Amino acid sequence: EKAGFDHFMLKEIHEQPKAYRDTMSSRISADGASVTLNELSMTVEEIRKISRVHIVACGTAFHAGMVGKYVIEKLARIPVETDVASEYRYRSPIITKDTLVIVVSQSGETADTLAALREAKRCGAKVLAITNVVGSSVAREADDLITTWAGPEIAVASTKAYTSQLIAFYLFGLHLAQTLGTQTADEIKEVITAMKALPEQVEAILAQADALKVVAEDMAKHDNLFFIGRGLDYAVALEGSLKLKEISYIHSEAYAAGELKHGTLALIEEDVPVIALATQHELLEKTVSNIKEVKARGANVLGIAVEGEEELQKSVDSTFIIPKTLDVLSPALAVVPLQLLSYYASLARGNDVDKPRNLAKSVTVE
Ligand code: M6R
């Protein structure tokens, strides 16, 4: 059932190209010029009325939601707030009839996420669910549904569900942009063309797994490490850090790179590993200056960079290169090396990769 892989997690990491294709294919027009989300019941009129979006989820699904916020704001220019589901209900969120609440859940059974969905509906908002389990509670109770076709995810650490959630957000962001006219036809086509290249690009990253194994085995000797990044790279840094903690039990922190000097820099000392995500073209110069700040304090920096950005290599100790894509799509590639690093670090520490201590696959209690 593990199809020749040692663990479900590794199998699921390798299933991502297929999950991307399955989640995208039936929703992109044959000419690659538009997306078609036929499953949505919301009308053009209803979409025009959306004045704000709330994205609510837990854990890894919440991190997908952070990317979703960026995507929707960029493509559709609608203001988006993100909340961890266990906090949402208790902060008296301002939910009106023109609020679209998006809940994201792999299992569709997470108690906090389900409760947030019910609260949103009670307040009269429309709820769109992004879930991986057809017929789950979240899927049944939401007004609208985008199913991620990642297939069953068995490992506790979520991988292919997260990346499929990113694809769902790209599709929905494009759907909004098409309806609202916030992007030109050419801009929409450019994103779709780049999305179609993602599965093969993930395959190219997976082919370099051995190099990541070596890095992970060194990481596994440390008790503390840091992830830094700006913009979308910060959202990916949070996900990379969660994955690492969850299965390797190595303590790590993810920081918006510009925030380091407001406290965390005090923790950087000789030989501390720092994983610096630098995939955002527009922010590259700023990220490099933050990398220099940690280098100057002795950090050992692994840069995650995009093909063609050779400049960065001069400022870091080692680099992992991901294929070129649009800045907005880079999380769908940049997270993959981080998943592999966590997997190999967990293995090196002799942990039960698929069933980390203290955790359940689906959290059905508050
Ligand atoms: O099933 P859900 O997507 O609602 O689960 C949410 C979180 O419990 C889940 O993503 C958790 O953070 C993962 N174990 C992380 O790998």
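Since the structure is predicted, the reported quantities are computational estimates derived from the model, not experimental observations. Once a new chain begins, its residue numbering starts again from 1 and follows that chain's sequence as written. In keeping with the predicted nature of the model, local features appear solely for residues at pLDDT of at least 70, side-chain atom pairs appear and are counted solely at 80 or more, and the whole-chain, interface and lining totals rest on all residues. Note: side-chain values were computed over all heavy atoms of the structure, leaving out hydrogens and water.

### A word on the layout of surface pockets
A volume near 540 Å³ is recorded for the largest pocket. Space inside and on the surface of the protein is sampled on a 1 Å grid over the protein atoms alone, with a cavity defined as a set of points where a 1.4 Å probe fits but cannot get out and a pocket as an open set with protein on both sides within 12 Å along at least 5 of 7 lines; lining residues have an atom within 4 Å of a point. Lining the largest pocket are 22 residues, with C58, G59, T60, K361 and V363 sitting closest to its centre. Residue assignment for the lining of the largest pocket shows that the elements contributing at least two residues are α4 (59-76), β3 (99-105), α8 (160-180) and α11 (232-248). Secondary structure follows DSSP: runs of H or I at least 4 residues long count as helices, runs of E at least 2 residues long count as strands, and numbering of each begins at the N terminus. It is α4 that provides the largest number of residues to the lining of the largest pocket, a total of three residues. Residues are sorted three ways: Asp, Glu, Lys and Arg are charged, Ala, Val, Leu, Ile, Met, Phe, Trp, Tyr, Cys and Pro are nonpolar, and all the rest, Gly among them, are polar. Its residues placed into classes, the lining of the largest pocket shows nine nonpolar, 10 polar and three charged. Grid points are joined across faces, edges and corners, and a volume is the space filled by probe spheres set on the points. Counted as a void, the second largest pocket has a volume near 320 Å³. Forming the walls of the second largest pocket are 13 residues, and the residues nearest its centre are K74, E282, L326, D327 and V328.

### Points about the packing of α4 against α8
Every axis in this analysis is a line fitted to C-alpha atoms, fitted for helices over the stretch in contact. Angles between the N-to-C directions lie between 0 and 180 degrees. At a minimum axis separation of 9 Å, α4 and α8 run at an interaxial angle of 20°. Between α4 and α8, the angle falls in the class roughly parallel. The way α4 lies across α8 gives a crossing that is right-handed. Along its contact with α4, which presents T60, A61, H63, A64, G65, V67, G68, V71, I72, L75 and A76, the element α8 presents Y162, Q165, L166, F169, Y170, F172, G173, L174, L176, A177 and L180. By definition in this entry, angles of less than 35 degrees are roughly parallel, angles greater than 145 are roughly antiparallel, angles of 65 to 115 are roughly perpendicular, and the rest are oblique. Crossing handedness follows the turn of the near helix against the far one: under a right angle anticlockwise gives a left-handed crossing, and clockwise gives a right-handed one. Two residues form a contact once any of their heavy atoms are found within 4.5 Å.

### Points about the state of the cysteines
When the sulfur atoms of two cysteines come within 2.5 Å, that pair is taken as a disulfide. Counted under the stated rule, the structure contains zero disulfides. Residue C58 stays outside any disulfide, its sulfur separated by 18 Å from that of C123, the closest cysteine. We call a residue buried when its accessible area falls under 20% of the maximum for its residue type, exposed when it is over 50%, and partly exposed in between, using a 1.4 Å probe and counting protein chains only. Overall, C58 belongs to the partly exposed group, its relative accessible area being 25%.

### Some points on the sheet that holds β3
Note on pairing: DSSP must find at least two bridges between two strands before they are called paired. Pairing is parallel in the open sheet, where five strands are placed in the order β2-β1-β3-β4-β5. At either margin of the open sheet sits one strand with a lone partner, and together these are β2 (80-84) and β5 (144-147). For this sheet the average axis-to-axis angle between neighbouring strands, irrespective of direction, equals 20°. Here strand β1 (residues 52-57) runs beside β3; their pairing, made up of six bridges, is parallel. Following the sheet pairing, I55 is matched in β3 by I102. Sheet contacts for α8: β1, β3, β4 (126-131) and β5; angle to β3, the most-contacted strand, approximately 155°.

### Brief notes about the pairing of strand β8 (residues 273-278)
Buried residues dominate β8, accounting for six of its six residues. The alternating pattern of β8 places P273, I275 and L277 on one face and V274, A276 and A278 on the opposite face, and all of these are buried. Examined bridge by bridge, strand β6 (residues 224-229) and β8 share three bridges and lie parallel to one another. The partner of I228 across the bridge, within β8, is A276. Seen with its strands pointing away from the viewer, a crossover is right-handed when the path leading from the first strand over the helix to the second is clockwise. Since β8 and strand β9 (residues 300-306) lie parallel, the crossover through helix α12 (residues 284-295) that links them has a hand, and here it is right-handed.

### Observations regarding the site of the ligand
When at least one non-hydrogen atom of a residue lies within 4 Å of a molecule or strand, that residue is treated as near it. In the region of the ligand, 13 residues are neighbours, and S105, Q106, S107, T110 and E246 sit closest. Distance and chemistry together define a polar contact, namely a pair of N or O atoms within 3.5 Å, with one atom able to donate a hydrogen and the other to accept it when in protein, and with adjacent residues in sequence counting only for side-chain atoms on both sides. One nitrogen or oxygen atom from the main chain of T60 is found 3.2 Å from an oxygen atom belonging to the ligand. Here the accessible surface of atoms and residues is derived via Shrake-Rupley with a 1.4 Å probe, and residues count as covered only by protein chains that are part of the display. When the ligand is considered free in solution it has 420 Å² of accessible area, and contact with the protein chains removes 90% of it. Each molecule is checked against the cavity or pocket grid, and it sits inside if more than half of its atoms lie within 2 Å of the grid points. Using a 2 Å cut-off from the grid points, one finds that the ligand occupies the largest pocket. Listed by contribution, the elements that provide at least two residues to the shell around the ligand are α4 and α11. Per-element accounting of the shell around the ligand gives the leading share, three residues, to α4.

### Things to note about the side chain of T179
Mapped onto the elements of the fold, T179 is located in helix α8. A polar contact of 2.7 Å, which involves the side chain of T179, links it to the backbone oxygen of H175. If sequence neighbours within four positions are ignored, T179 has contacts with V44, I47 and R48.

### Let's talk about the packing of aromatic side chains
Only centres within 6.5 Å qualify two rings of Phe, Tyr or Trp (six-membered ring in Trp) as a pair; their planes then separate them into stacked at under 30 degrees, edge-to-face at over 60, and tilted for everything else. Across all of its chains, the model carries one aromatic pair by this definition. Consider the rings of Y343 and Y344, whose centres lie 5.1 Å apart with planes at 75°: the pair is edge-to-face. Both residues of the pair, Y343 and Y344, belong to the buried class. The aromatic ring of Y249 is capped on one face by R357, whose charged end is 3.8 Å from the ring centroid. Only Lys NZ and Arg CZ are tested; either one counts as a charge over a ring when it is within 6 Å of the ring centre and within 35 degrees of the ring normal.

### What to know about the nonpolar core
Ranked by internal contacts, the top residues of the largest apolar core, which has 91 residues, are I72, I102, Y170, F172, M195, I275 and L340. Within the second largest apolar cluster, 19 residues are counted, among which are V272, V274, A276 and V316. By nonpolar core we mean a set of buried residues, namely Ala, Val, Leu, Ile, Met, Phe, Trp, Tyr and Cys, connected to one another through side-chain atoms within 4.5 Å.

### Comments concerning the pairing of β9
Burial runs high along β9: six of the seven residues are buried. Sheet analysis places β8 next to β9, joined by six bridges and oriented parallel. Among the inter-strand pairings, V274 is bridged to a residue of β9, identified as V301. Both β9 and strand β10 (residues 318-322) contribute to a ladder of five bridges, which runs parallel. Across the sheet, G303 pairs through a bridge with T319, a residue of β10.

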